[in-house]
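Summary of structural features
Letter by letter, the chains look like this.
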Amino acid sequence: MLQALAIKYRPKNFDELIGQDTVSISLKFALDNDRLAHAYLFSGLRGSGKTSSARIFSRALICEQGPSSKPCGLCQHCEGALSGRHMDIIEMDAASNRGLDDIQDLIEQTKYAPSTARFKIFIIDEVHMLTPQAANALLKTLEEPPSYVKFILATTDPLKLPATVLSRTQHFRFKQIPQGEIIKHLSYVLNKEGVLFDENSLKMIARSGGGSLRDTLTLLDQAIIFCENDIKEDKIASMLGFLDPAMLKDFYLCVLSRNKDKMLDFLKGLEDYEAAVVIDELLFYLKDSFFARDKQFSFLMYERFFRILARAKTMLSLCDDDSFVLSLMAFMMMEAAHFKEIDEEISFKLKSQNTQIKEQVSPAITQNTQLSPKNPYESLLEKIYDRDFVLGECFERSTSFIEFKDNILYISSSAAGNDRLTLNKGFKLILDLFKNLFGSSANIQVQKKNLVLSDESKLHDIKNDLRSKFDEFKKEAKPYDKELEAKQALDMLSGEPQKL
């Protein structure tokens, strides 16, 4: 019997469940260790395996060899569950049976024991579609059902459920299935079906499925028919309305070469595609190039292109003319591609500055000219002022030039107090600026400025000044000395000390 791939390859046990390892491990442990709850809630994206997991879990609960994480698949309960006709497994679609009457009928069924199995299991799909009255009517039974009743609720939107329902269930969240897992499963299915394919075409199909395995298998069914059992990349691109990968590559080559005439012709060809699809494809191409470490794009270019593409996608909702948006996007990308790396630009400017300064101080250039080379100390001082004016003032006030020899600048420093702290804090910057001027081998040697009196006349003046001050001090002290001498004389004559 011919079946759709999504039905034919529906998982029949937890080991076949794709991309939901966390859920599988938890449910298997609960079954094998008798840690069963009375109500479960499975939530997640459509096609992520919620209903399939509910059916596998139901079969594991009623298997004659169970409850077990590996139902035998041979007993009458397993066969009935696999064929979808077991009397004690009741599936209900809450999207079409959402009213109070429907829930009251379900509650009535919970009063009766299972017909043949050990449990009576109720699977309620899209449970968030229940009316508030129906959800409230279910609460009491959901909290304290009979021991033989198990509830398995499934939903794509758990936020729409009342908190009272969420608090009465064990909540398992089904994540979006990774593309790698989906591609691996598609390869398995196509090999089983005997269909030829290439890897890139499966990537396009998996990307279109949006993480839903059921949607992806539905697209695979369509691809097999469209490609006549030989799935190729160009045919899948045509089927899904995508750009051919060769076109994407040509677009970016045109952007990098800044060929405006060719770009205009290219944009005319893009009018046959949806603008949103074109932008998405350009983004996916950039993403693949980034992880493939394509050297034709720099990191700064990736950032610029992603920002332009994101802005273009926003503009689509504001402008009715999609072709104009694509044209504006393309020419913005061409302008964004025309830049130099920051490190390259800085390096170029520093080399230019070094060349100019070396020309200024080079004896080979200045020996035949009357102009004297610029003092390296002054050149450094200018750079410090340009970078930090306060530091420049402090450097000029506290230091002086001694000589520039063997690419080493010798300076003396008289810095003290706050000036010394300022220079110590900014010395690394000063040294970096000096190295930028004269190369990485350049250095600065600082000598402490001491009081040196080489001028004999200055020394003589200081001595005279000190001598005059000493004489003045003696004059001021004479009256006291005479009185003291008279007192000492009276003491000697009388033999007794006299009081003053």
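Above this text sits the structure in question.
One structure accompanies this document, and this report is about it. (Residues numbered from 1 in each chain as written. Predicted model: local features only at pLDDT ≥ 70, side-chain atom pairs only at ≥ 80, totals over all residues. Heavy atoms only, no water.)

1. Structural notes on the overall build of the protein chain
Within the protein chain, the regular secondary structure consists of 22 helices and 10 strands. The buried share of the protein chain, reckoned over its 500 residues, is 37%. Expressed as a percentage of contacts within the protein chain between residues at least 6 apart in sequence, the contacts between residues at least 24 apart total 69%. Here the protein chain displays about 30100 Å² of accessible surface, and carbon together with sulfur accounts for 52% of that area. (Helix = DSSP H or I, 4+ residues; strand = E, 2+ residues; numbered from the N terminus. Buried < 20%, exposed > 50% of the residue type's maximum accessible area, 1.4 Å probe, protein only. Contact = heavy atoms within 4.5 Å. Areas by Shrake-Rupley, 256 points an atom, 1.4 Å probe, with all protein chains shown as cover.)

2. Concerning helix α12 (residues 245-257)
Taking 1.5 Å per residue, 13 residues should reach 18 Å; α12 reaches 19 Å between its end C-alpha atoms and fits that length. Among all positions in α12, only Leu248, Phe251, Tyr252, Cys254 and Val255 are buried. Each buried residue of α12 sits inside an arc of 155° when the element is viewed along its axis, so together they form one side. Contact partners of the buried residues in α12: α13 (260-269), α14 (275-291), α15 (299-316) and α16 (322-336). (Expected span 1.5 Å × (residues − 1). Arc of directions from axis to C-beta.)

3. Brief notes about the sheet that holds strand β3 (residues 120-125)
Read from one edge of the open sheet, 5 strands run β2-β3-β4-β1-β5, paired in parallel fashion. Bordering the open sheet on either side are β2 (89-93) and β5 (170-174), each of which pairs with just one other strand. Ignoring strand direction, the axes of neighbouring strands in this sheet form an average angle of 15°. Summarising the sheet, β3 and strand β4 (residues 149-155) pair through 5 bridges and their orientation is parallel. Among the inter-strand pairings, Ile121 is bridged to a residue of β4, identified as Lys150. Its contacts with the sheet place helix α2 (residues 21-32) against β1 (39-44) and β5, and it is angled at close to 150° to β5. (Pairing = 2+ DSSP bridges. Axes fitted to C-alpha atoms, helices over the stretch in contact; angles between N-to-C directions.)

4. Points about the nonpolar core
Of all hydrophobic cores here, the largest spans 32 residues; its most connected members are Phe251, Tyr252, Phe305, Met329 and Met333. Only α12, α13, α14, α15 and α16 provide two or more residues apiece to this core. Non-local contacts of Met329, meaning those with residues more than four positions away in its chain, are made with Phe251, Ile279, Leu282, Ile308, Leu309 and Ala312. (Core = buried A, V, L, I, M, F, W, Y, C linked by side-chain atoms within 4.5 Å.)

5. Points about the sheet that holds strand β8 (residues 399-405)
A sheet is described by the order of its strands in space; here 3 strands give the open sequence β8-β9-β10, paired in mixed fashion. Edge strands, defined here as strands with exactly one partner in the open sheet, are β8 and β10 (443-448). Strand-to-strand, the axes of this sheet are offset by a mean angle of 25°, without reference to chain direction. Bridge analysis of strand β9 (residues 408-413) against β10 gives 6 bridges, and the strand direction is parallel. Residue pairing for β10: Tyr410 is matched across the bridge by Gln445.

6. A closer look at the pattern of salt bridges
Counted under the stated rule, the structure contains 15 salt bridges. Among the salt bridges present, the one from Glu144 reaches Lys140, with a minimum N-O distance of 3.7 Å. Of the two residues examined, Glu144 and Lys140, each falls in the exposed class. Here Asp419 ties to Arg397 by a salt bridge, and the two come within 2.8 Å at their closest N and O atoms. With a gap of 22 residues between them, Asp419 in helix α21 (residues 418-438) and Arg397 in helix α20 (residues 389-398) connect regions that are remote in the sequence. (Salt bridge = Lys/Arg side-chain N within 4 Å of Asp/Glu carboxyl O.)

7. Focus: the packing of aromatic side chains
Two descriptors summarise a pair of aromatic rings, namely the distance from one centre to the other and the angle between the planes of the rings. Scanning the model with the defined rule gives 18 aromatic pairs in all. Ring centres 5.5 Å apart and planes at 90° place the aromatic pair Phe251 and Tyr252 in the edge-to-face group. Residue classification places Phe251 among the buried positions, given a relative accessible area of 1%. On the accessibility criterion, Tyr252 (1% relative accessible area) is buried. An angle of 85° between the planes, with centres 5.5 Å apart, marks the rings of Phe290 and Phe291 as edge-to-face. Relative accessible area serves as the criterion here: at 33%, Phe290 is assigned to the partly exposed category. Judged by its relative accessible area of 61%, Phe291 is exposed. Three or more aromatic residues joined by ring pairs make a cluster, and in this case those are Tyr40, Phe42, Phe57, Phe172 and Phe174. (Phe/Tyr/Trp six-rings, centres within 6.5 Å; stacked < 30°, edge-to-face > 60°.)

8. Details of the side chain of Ser398
Along the chain, the position of Ser398 falls in helix α20. What makes Ser398 buried here is its relative accessible area of 2%.

9. Some words on the pairing of β4
The element β4 is extensively covered by neighbouring structure, given that 7 of its 7 residues are classed as buried. Residue alternation in β4 divides its side chains into two sets, Val149, Phe151, Leu153 and Thr155 and Lys150, Ile152 and Ala154, and both sets are buried. Bridge analysis of β1 against β4 gives 5 bridges, and the strand direction is parallel. Bridge pairing links Tyr40 to Ile152 in β4. Note that the unit made of β3, helix α6 (residues 132-143) and β4 has a crossover that is right-handed. (Right-handed = clockwise from strand over helix to strand, strands pointing away.)

10. Quick look at the environment of Ile7
Tracing the sequence through the fold places Ile7 in helix α1 (residues 5-8). For the pair Ile7 and Thr218, spaced 211 residues apart in sequence, the C-alpha to C-alpha distance is 9.7 Å.

11. Let's talk about a negative patch on the surface
A contiguous patch of negative charge on the surface is contributed by Glu271, Asp272, Glu274, Asp320, Asp321 and Asp322. Note on placement: Asp320 falls in the loop between α15 and α16. (Patch = residues over 30% accessible without salt bridge, like charges linked within 9 Å, V, L, I, M, F, W, Y side chains within 5 Å. Lys, Arg positive; Asp, Glu negative; His and termini not counted. Charge placed at Lys NZ, Arg CZ, Asp CG, Glu CD.)

12. Some remarks on a nonpolar patch on the surface
Together, Phe290, Phe291 and Phe299 give the surface a local cluster of nonpolar side chains, amounting to about 390 Å² of exposed area. Tracing the backbone shows Phe290 in helix α14.

13. Quick look at the environment of Ala60
Mapped onto the secondary structure, Ala60 falls in helix α3 (residues 50-62). Along the backbone, Ala60 and Asp32 are 28 residues apart, and their C-alpha atoms lie at a distance of 10.0 Å. In this structure Ala60 touches Leu31, Gly66, Pro67, Ser68 and Pro71, once residues within four positions along its chain are discounted.

14. Considering the packing of α14 against α15
Interaxial distance between α14 and α15 falls to 10 Å at its minimum, and their mutual angle equals 165°. Classified by the interaxial angle, the pair formed by α14 and α15 is roughly antiparallel. With respect to the hand of their crossing, α14 and α15 are arranged in left-handed fashion. Of the residues in α15, those touching α14 at Ala275, Ala276, Ile279, Asp280, Leu282, Leu283, Leu286, Lys287, Ser289 and Phe290 are Phe299, Tyr302, Phe305, Phe306, Leu309, Ala312, Lys313 and Leu316. Tallied by class, the residues present in the contact of α14 with α15 amount to 14 nonpolar, 1 polar and 3 charged. (Parallel < 35°, antiparallel > 145°, perpendicular 65-115°, else oblique. Left-handed = near helix turned anticlockwise from the far one by under 90°. Nonpolar A, V, L, I, M, F, W, Y, C, P; charged D, E, K, R; others polar.)

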